[in-house]
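Report on the structure
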Amino acid sequence: MDVKVRQFGFKDVPLKVKWINDERNNKYLHYDLPLELDKTENWFRLNEHNNNRYDAIIEVDGEPIGLIGLININFNKREAEYYITIGEQKYLGKGIALDASKELLKYAFSYLKLNKIYLTTETENIAMQKLAKKIGMLNEAHLMQHSSRNNQLHDVYYYSVLQKDFQNKIVYPEQILSGIDYLYNDDNDNSIYIKRDDMLSFSFGGNKARKAKYFFDEIKAKNFNVVITYGSKVSNHCRVISNMCSKLGIKCIIVSPISIEENNFNRTLIKLANAEIIECDVSDVSTTIENIIEKEKQIENQSVYFIPGGGHGNHGTQAYVDAYHEIVYWSRKNNKKFDYIFVASGTGTTQAGLIVGNLMHRDSTQIIGISIAREESVGKKVILDSVDIYFEEHGSESLIQSSQINFTDKYINRIYGQATDEIYEKIYSMYIEHGIQFNSVYTGKGFVGMEHFIKENNIKHNNILFIHTGGTPLFFEDLKKLVAE
């Protein structure tokens, strides 16, 4: 369905009268009912050039189906009140209100340059409260006996969203957000929290699943039918990409460097998804990828899409810009500001996205990347480049220097895929004490590195968030060592 929002016109007056007078629509509306056609026409003439409101019609496939708009627009305070009514009953429950609301908020923030959109809704109006949350609004207040309807006073909730928190790709807080959980207070009286991106709903979750969504949005929109990507034998990225390709019926080719690593659960799952695996010397990876892309393009009716290793690039960065928005949403909802955010940093786009989100919100939170492989000088440059490229694509400058990027290779073995006894001990204790699955390649390394960083820098009495970037199948590889011991 094609959902559009257009400005309300004189021809729409009869529709407004019809929809508002329908008792199925007006239970929570504050109108003097019934509306009369001539009075509503006069209302339109009086308000046609009123800059303090914007009234619009929701259309689905060209058919008018409801009302939406902004009232009490205050350009000094840069705020306005939001309203919506789906007039045609057959269109309820189809996600149209959400799509139309996103379009209206884009208009409010991008064109009108407003900073805040708010609404009040009676406490009994559960449907409106769910919609408010889906468009990123926070419940700021419970106002007692604030609203008058049918000669009775009613309690209302006050919801709002700020421009900096609004995303064109709205997250669904109750469905997509990976949870943030409190773990424990450490020896320095820091409160340690964890963001469970490993609990995202596709292919064991993790940061690679989050990033894949953005690549496959483009793949589906432009009808690509061959996907080529790169990764090692233990790659979470390749597992997720091959799984998504199998789901969508898209041919998947994975280029992987020859190594002495044994096959593992990730590689088994890649094969299960019927991906074609092509191995080559690490020095030949670029040439091999170029040759495969060229070969596949020569096949009739094939359209080829290349995903960089690890989901590197602006799509990968955007995934964690949006994740940072989620963190801010949770922080405000729970009145809990994080002083530090730690993440196991590999290809760099996860940390780059968090940095971009941090800059957008002008937060003082420090983003710390614990290297799982790269030397510090190389890792910092890759992250800085990712941040700069993101801002360049969006028409601005990042104004961040390499010295401002917190990326360290100091605390753990820098060889990719190799771990220490301390890391295995942490994997064991996190599972036994908290039921959380870390792995020795990514999250176990990152968490141990975080603990070292906290101690060495004498960080005390802070709220600290660790991003669990997933890799659950690798946990089962680590079980072999844990059980053997």
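What you are looking at is a predicted structure, and each value in this text was computed from that prediction instead of being measured.

Some details on the side chain of His468
Positionally, His468 belongs in strand E17 (residues 463-468). Given the relative accessible area of 0%, His468 is considered buried. A distance of 2.9 Å separates the side chain of His468 from the backbone oxygen of Gln437, its partner in a polar contact. For His468, the residues in contact, after removing those within four places along its chain, are Ile194, Lys195, Arg196, Asp197, Asp198, Ile436, Gln437, Phe438 and Thr443.

Digging into the sheet that holds strand E4 (residues 79-86)
With mixed pairing, seven strands are arranged side by side in an open sheet as E1-E2-E3-E4-E5-E7-E6. What marks the edges here is a single partner per strand, and that holds for strand E1 (3-7) and strand E6 (138-149). Averaged over all pairs of adjacent strands, the angle between their axes in this sheet comes to 30°, without regard to strand direction. Seen against the sheet, helix H1 (residues 13-21) touches strand E2 (54-60) and strand E3 (63-74) and runs at an angle of roughly 90° to E3.

A word on the nonpolar core
Counting residues in each nonpolar core, the largest one holds 34 residues, and the members touching the most others are Ile58, Leu70, Tyr82, Ile84 and Ile117. Secondary-structure elements contributing two or more residues to this core are E2, E3, E4, helix H3 (96-111), strand E5 (116-122), helix H4 (126-134) and strand E7 (152-162). Per-element tally for this core: the top contributor is H3, with eight residues. In contact with Ile58, not counting residues within four places along its chain, are Val3, Lys4, Glu63, Pro64, Ile65, Gly66, Leu67, Ile68, Ile84, Ile86, Ile96 and Ala100. Counting 29 residues, the second-largest nonpolar core is a separate cluster that includes Tyr320, Val343, Val387 and Phe391.

A word on the sheet that holds strand E10 (residues 226-230)
Pairing is parallel in the open sheet, where four strands are placed in the order E12-E11-E10-E13. The two strands at the open ends of the sheet, each matched to only one other strand, are strand E12 (276-280) and strand E13 (304-307). Between one strand axis and the next, the sheet turns through 20° on average, direction left out of account. Pairing of E10 with strand E11 (residues 251-257) involves five bridges; the strand directions are parallel. Counted as the bridge partner of Thr229 is Ile254 from E11. Contacts from helix H6 (residues 236-248) reach E10, E11 and E13, with the element oriented near 170° to E10.

Here we look at the pattern of salt bridges
Applying the stated criterion across every chain, the model contains 25 salt bridges. The salt bridge partner of Asp2 is Lys4, with a shortest N-O separation of 3.7 Å. According to the relative accessible area criterion, Asp2 is partly exposed, its value standing at 37%. Note that Lys195 is salt-bridged to Glu326, the shortest N-O span being 3.0 Å. Placement of the pair is Lys195 in strand E9 (residues 191-196) and Glu326 in helix H9 (residues 314-334), with a sequence separation of 131 residues. One exposure class covers both Lys195 and Glu326, and it is buried. Ionic contacts of the salt-bridge type, sharing partners, join the residues Lys195, Asp197, Arg210 and Glu326 into one network.

Looking at the packing of H1 against helix H2 (residues 37-47)
Running from N to C, H1 and H2 point in directions that differ by 125°, and their axes come no closer than 9 Å. Relative to H2, H1 is oriented oblique. For the crossing formed where H1 meets H2, the hand is right-handed. Contacts between H1 and H2 pair Val13, Pro14, Lys16 and Val17 from the former with Leu37, Thr40, Glu41, Trp43 and Phe44 from the latter.

Some points on unusual backbone geometry
At Asn335, a position not held by glycine, the phi torsion is positive, near 50°. Following the sequence through the fold, Asn335 ends up in the loop between H9 and strand E14 (340-345). Exposure remark for Asn335: the relative accessible area of 72% places this residue in the exposed category. The backbone of Asn458 sits at a positive phi, close to 50°, despite the residue not being glycine. Mapped onto the elements of the fold, Asn458 is located in the loop between helix H13 (443-456) and E17. Exposure remark for Asn458: the relative accessible area of 49% places this residue in the partly exposed category.

Here we look at the confidence of the model for the protein
Scored by pLDDT, the protein comes out at a mean of 90, with 95% of its residues at no less than 70. Ignoring residues within four places in sequence, the model shows residues 168-176, a span with pLDDT below 50, making 20 contacts including any to other chains.

Quick notes on the layout of surface pockets
In this structure, the largest pocket encloses a volume near 1,400 Å³. Lining the largest pocket are 45 residues, and of these Leu29, Ile84, Thr85, Asn125 and Met128 sit closest to its centre. Counting residues per element, the ones that place at least two in the lining of the largest pocket are E3, E4, H3, E5, H4 and E6. Residue composition of the lining of the largest pocket, grouped by class: 22 nonpolar, twelve polar and eleven charged.

Quick look at the packing of H9 against helix H10 (residues 349-361)
Relative to each other, H9 and H10 sit at 50°, their axes nearing to 7 Å. Considering the angle they form, H9 stands oblique to H10. Note on packing geometry: the crossing formed by H9 with H10 is right-handed. Contacts between H9 and H10 involve Gly316, Thr317, Tyr320, Val321, Tyr324, His325, Ile327 and Val328 from the first element and Thr349, Thr350, Ala352, Gly353, Leu354, Val356, Gly357, Asn358, Met360 and His361 from the second.

Structural notes on the side chain of Arg267
Its place among the elements puts Arg267 in helix H7 (residues 265-272). Setting aside chain neighbours within four positions, we find Arg267 in contact with Ser232, Lys233, Ser256, Ile277 and Glu279.

Overview of H9
With 21 residues, H9 extends 30 Å from end C-alpha to end C-alpha; this agrees with the ideal 30 Å at 1.5 Å per step. Burial analysis of H9 places 17 of its 21 residues in the buried class, which makes it a mostly covered element. Where H9 terminates, the next one or two residues include Asn335, which has phi positive at roughly 50°.

Considerations on a negative patch on the surface
A surface patch of negative charge is lined by Asp388, Glu392, Glu393 and Glu397. The topology assignment puts Glu393 in helix H11 (residues 376-393).

Reading the values: the criteria
Residues numbered from 1 in each chain as written. Predicted model: local features only at pLDDT ≥ 70, side-chain atom pairs only at ≥ 80, totals over all residues. Heavy atoms only, no water. Helix = DSSP H or I, 4+ residues; strand = E, 2+ residues; numbered from the N terminus. Buried < 20%, exposed > 50% of the residue type's maximum accessible area, 1.4 Å probe, protein only. Polar contact = N/O pair within 3.5 Å; in protein donor to acceptor, adjacent residues only side chain to side chain. Contact = heavy atoms within 4.5 Å. Pairing = 2+ DSSP bridges. Axes fitted to C-alpha atoms, helices over the stretch in contact; angles between N-to-C directions. Core = buried A, V, L, I, M, F, W, Y, C linked by side-chain atoms within 4.5 Å. Salt bridge = Lys/Arg side-chain N within 4 Å of Asp/Glu carboxyl O. Parallel < 35°, antiparallel > 145°, perpendicular 65-115°, else oblique. Left-handed = near helix turned anticlockwise from the far one by under 90°. pLDDT = per-residue confidence, 0-100. 1 Å grid on protein atoms, 1.4 Å probe; cavity = no way out; pocket = protein on both sides within 12 Å on 5 of 7 lines; lining within 4 Å. Points joined across faces, edges and corners; volume = space filled by probe spheres on them. Nonpolar A, V, L, I, M, F, W, Y, C, P; charged D, E, K, R; others polar. Expected span 1.5 Å × (residues − 1). Patch = residues over 30% accessible without salt bridge, like charges linked within 9 Å, V, L, I, M, F, W, Y side chains within 5 Å. Areas by Shrake-Rupley, 256 points an atom, 1.4 Å probe, with all protein chains shown as cover. Lys, Arg positive; Asp, Glu negative; His and termini not counted. Charge placed at Lys NZ, Arg CZ, Asp CG, Glu CD.

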